[in-house]
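Below are the chains, spelled out letter by letter.
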Amino acid sequence: MKKTNSHNQNCSSLQNREEVGARDEQNPTTFAYETKDGPNASSLVCPSMRIRHHKMLRTLLLFAFALTCVVFAGHVEPVLGNTDGVTSIFRPLSQPAQEIKELSVLVLAICGSIFVVVAGLLVYAIVRFRHRAGDELSEPPQVYGSNQIELAWTILPLLIVFVLILVTSRTIANIQNRKPPPTAVQATVIGHQWWWEIRYPELGIVTANELHVPASDGRGSRPTFLKLQSADVAHSFWVPLLAGKTDLIPNRKNLMWIEPTKPGVYLGNCAEYCGTQHARMLIRVVVHPPDEFERWAREQQQSASVETSAAAGRKVFFANSCVNCHTIGGTSAQGKFGPDLTHLMSRETLAAGAAPNTTDNLRLWVRDPQKIKVGCLMPNMQLTDDQVDQVVAYLQTLK
Ligand code: CUA
């Protein structure tokens, strides 16, 4: 009520010719709708109100447009073009990502409907009850204390929230309470600045940045259960096509599981800011058909190959402090600070996905890691060009 009154006063005061004249001098464009017909002018419109309505409408339309874009981008983009490497949450290829997606779509549909109803009513009210000539002379009908309306807008939201709580808790419980079947693969993923250490305690395998798991095909369910830990700060393990995010917290063990059915390479990234190279802390999940997974595991269980051709490089490697940080299985290099290099050449990338694992990149990395990944914790070992070539030749024997 008070608002309406003060608004009417504002608008009426504009009808005062002297004031209009005074303001016009300061800003001639302010009262563009003004007529000079005197106090009874019927076409007099309060400009500030009209501007406010326009702004509100524009903001609403922009918001609706942005929301539509976000929703469509998620659904349309995976349909178009090459989908390899696309990590859309709308195209899950594993449990529990599928279950999470179904829940998200339901929640999005409910919230979208609420948005459409509320925004629709708002737009309707803005258009239907916009300022019209002569409005100053009458009051709109005053509604107060309608039991029906108040009951409706209390009970309906309560029911909606109740439905959302029920479906969400059912999904969370389904995912969290799953017990590993005897066939499950157990792996531990440890977040480091800025790479992933991956251990398979039961298989006796240690590797980095590439998590290899079997696919659950027609022959039976074979999920992989992950124990997530951190060696330094908080990280977050997120491979959108396979599962939701789970944080890796220092001094804590978090659990999650994945059960992909389709072999392939699935990309993910650290999803919790963890320092300079957070953005280059990529994870690749390689899903193998079950037999191929067994073969991969057998290869990884071998000690490092010893090839006489790379004796010079091996000597440089073991004479420098490389051994303090890296492990090479079957040798005296047992450092735990950096990635295990026993089967370095079986990995597709270097430095947690920062560069493809090619000879040139390996050379660049050994010469000065900071050139590929600024801020990474591996120092420049100040090797000569010959030494770099020798070390690279040695590393390339680690298949
Ligand atoms: Cu690890 Cu961000």
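Residues numbered from 1 in each chain as written. Predicted model: local features only at pLDDT ≥ 70, side-chain atom pairs only at ≥ 80, totals over all residues. Heavy atoms only, no water.

Trainee: Before we move on, can you summarise the overall build of the protein with the specific residues and values?
Mentor: Broken down by element type, the protein carries 10 helices and 13 strands. Burial status across the protein gives 36% buried among its 399 residues. Residue pairs in contact within the protein that sit at least 24 positions apart in sequence constitute 61% of those at least 6 positions apart. A total accessible area of about 23,100 Å² is found for the protein, and carbon and sulfur atoms account for 60% of it. (Helix = DSSP H or I, 4+ residues; strand = E, 2+ residues; numbered from the N terminus. Buried < 20%, exposed > 50% of the residue type's maximum accessible area, 1.4 Å probe, protein only. Contact = heavy atoms within 4.5 Å. Areas by Shrake-Rupley, 256 points an atom, 1.4 Å probe, with all protein chains shown as cover.)

Trainee: Please give an account of the packing of aromatic side chains that cites residues and values.
Mentor: Here a ring pair, both rings aromatic, is described through the centre-centre distance and the interplanar angle of the planes. This structure, assessed with the given rule, holds 9 aromatic pairs. On the basis of an interplanar angle of 85° and a centroid distance of 6.3 Å, the ring pair of Tyr 124 and Phe 129 is categorised as edge-to-face. Exposure remark for Tyr 124: the relative accessible area of 48% places this residue in the partly exposed category. For Phe 129, a relative accessible area of 55% translates into the label exposed. Ring centres of Tyr 200 and Trp 296 lie 5.5 Å apart, and the angle between their planes is 65°; this geometry places the pair in the edge-to-face category. A residue pair is termed long-range when its members are at least 10 positions apart, and Tyr 200 in strand 3 (residues 195-200) and Trp 296 in helix 6 (residues 290-301) qualify at 96 residues. We note that Tyr 200, like Trp 296, is buried. By way of ring pairs, the aromatic residues Tyr 200, Phe 293 and Trp 296 are connected into one cluster. The lysine or arginine in question, Arg 178, covers the ring of Trp 257, its NZ or CZ lying 4.6 Å from the ring centre. (Phe/Tyr/Trp six-rings, centres within 6.5 Å; stacked < 30°, edge-to-face > 60°. Lys NZ or Arg CZ within 6 Å of the ring centre and 35° of its normal.)

Trainee: For the sheet that holds strand 3, give the residues involved together with the corresponding values.
Mentor: Read across the sheet, 6 strands follow the order 1-9-6-2-3-4 without closing on themselves; strand pairing throughout is mixed. In this open sheet, the two edge strands, each paired with only one partner strand, are strand 1 (94-95) and strand 4 (205-208). Of the pairings in the sheet, the one linking strand 3 to strand 4 comprises 4 bridges and is antiparallel in character. Looking at strand 4, one finds that Arg 199 is bridged to Val 206. (Pairing = 2+ DSSP bridges.)

Trainee: Got a sec to walk through unusual backbone geometry? Specific residues and values, please.
Mentor: A cis amide bond, omega 0°, links Gln 95 with the succeeding residue Pro 96. Position of Pro 96 among the secondary structure elements: in the loop between strand 1 and helix 4 (97-128). If you check the backbone angles, Asn 209 has positive phi at about 65° while not being a glycine. Note on Asn 209: relative accessible area 7%, which makes it buried. The backbone phi angle of Ala 352 is positive, close to 55°, even though this residue is not glycine.

Trainee: Requested: an account of the nonpolar core, with residues and values cited.
Mentor: Here is a general trend for soluble globular proteins: nonpolar side chains tend to be buried in one another's company. In terms of nonpolar packing, the biggest core is built from 31 residues, with Leu 211, Phe 237 and Val 285 touching the most fellow members. For this core, the elements supplying multiple residues, two or more each, are strand 2 (185-192), strand 3, strand 5 (210-214), strand 6 (224-230), strand 9 (254-260), strand 10 (264-270), strand 11 (282-288) and helix 6. If sequence neighbours within four positions are ignored, Leu 211 has contacts with Ala 187, Ile 198, Tyr 200, Leu 226, Phe 237, Ile 258, Arg 284, Val 285 and Val 286. Counting residues in hydrophobic clusters, the runner-up holds 26 residues, among them Ala 310, Leu 341, Trp 365 and Val 391. (Core = buried A, V, L, I, M, F, W, Y, C linked by side-chain atoms within 4.5 Å.)

Trainee: Residues and numbers for the sheet that holds strand 7 (residues 235-238), please.
Mentor: A sheet is described by the order of its strands in space; here 5 strands give the open sequence 5-11-10-7-8, paired in mixed fashion. The outermost strands of the open sheet, each flanked by one partner alone, are strand 5 and strand 8 (246-248). Geometrically, the sheet is characterised by an average inter-axis angle of 25° between neighbouring strands, direction not taken into account. (Axes fitted to C-alpha atoms, helices over the stretch in contact; angles between N-to-C directions.)

Trainee: An account of helix 6 is needed here, citing residue identities and associated values.
Mentor: Here helix 6 is 12 residues long and its end C-alpha atoms lie 17 Å apart, about the 16 Å a rise of 1.5 Å per residue gives. Pro 290, Phe 293, Trp 296, Ala 297 and Gln 300 are the residues of helix 6 that are buried. All buried residues of helix 6 lie within an arc of 115° about the axis, which places them on one face of the element. Buried residues along helix 6 sit against strand 2, strand 3, strand 4, strand 5 and strand 11. (Expected span 1.5 Å × (residues − 1). Arc of directions from axis to C-beta.)

Trainee: Which residues make up the pattern of salt bridges, and what values go with them?
Mentor: On inspection of all chains with the given rule, the structure shows 8 salt bridges. In this structure, Arg 363 engages Asp 360 in a salt bridge whose closest nitrogen and oxygen atoms are separated by 3.6 Å. In this pair, Arg 363 and Asp 360 both sit in helix 9 (residues 359-367), 3 residues apart, roughly one turn of the helix. The network of salt bridges with common partners includes Asp 360, Arg 363 and Asp 389. (Salt bridge = Lys/Arg side-chain N within 4 Å of Asp/Glu carboxyl O.)

Trainee: So what about the packing of helix 4 against helix 5 (residues 147-176)? Which residues, and what values?
Mentor: Running from N to C, helix 4 and helix 5 point in directions that differ by 170°, and their axes come no closer than 10 Å. Accordingly, the angle class assigned to the pair helix 4 and helix 5 is roughly antiparallel. Across the interface between the two elements, Glu 99, Ile 100, Leu 103, Leu 106, Val 107, Ile 110 and Ile 114 from helix 4 touch Ile 160, Leu 164, Val 167, Thr 168, Thr 171, Asn 174 and Ile 175 from helix 5. When grouped by side-chain class, the residues that make up the contact of helix 4 with helix 5 number 10 nonpolar, 3 polar and 1 charged. (Parallel < 35°, antiparallel > 145°, perpendicular 65-115°, else oblique. Nonpolar A, V, L, I, M, F, W, Y, C, P; charged D, E, K, R; others polar.)

Trainee: Can you explain the pairing of strand 6? Please cite residues and give values.
Mentor: Every other side chain in a regular strand lies on the same face of the sheet, so the side chains alternate between the two faces. Burial of strand 6 is extensive: 5 of the 7 residues sit out of reach of the surface. Relative to strand 6, strand 2 is paired through 7 bridges, and the arrangement is parallel. By the bridge assignment, Thr 188 is partnered in strand 6 with Lys 227. Relative to strand 9, strand 6 runs antiparallel, the two sharing 5 bridges. Note on strand 9: the bridge partner recorded for Leu 228 is Asn 254.

Trainee: So what about the environment of Ile 372? Which residues, and what values?
Mentor: Counting through the fold element by element, Ile 372 comes out in the loop between helix 9 and helix 10 (385-395). For Ile 372, a relative accessible area of 9% gives the class buried.

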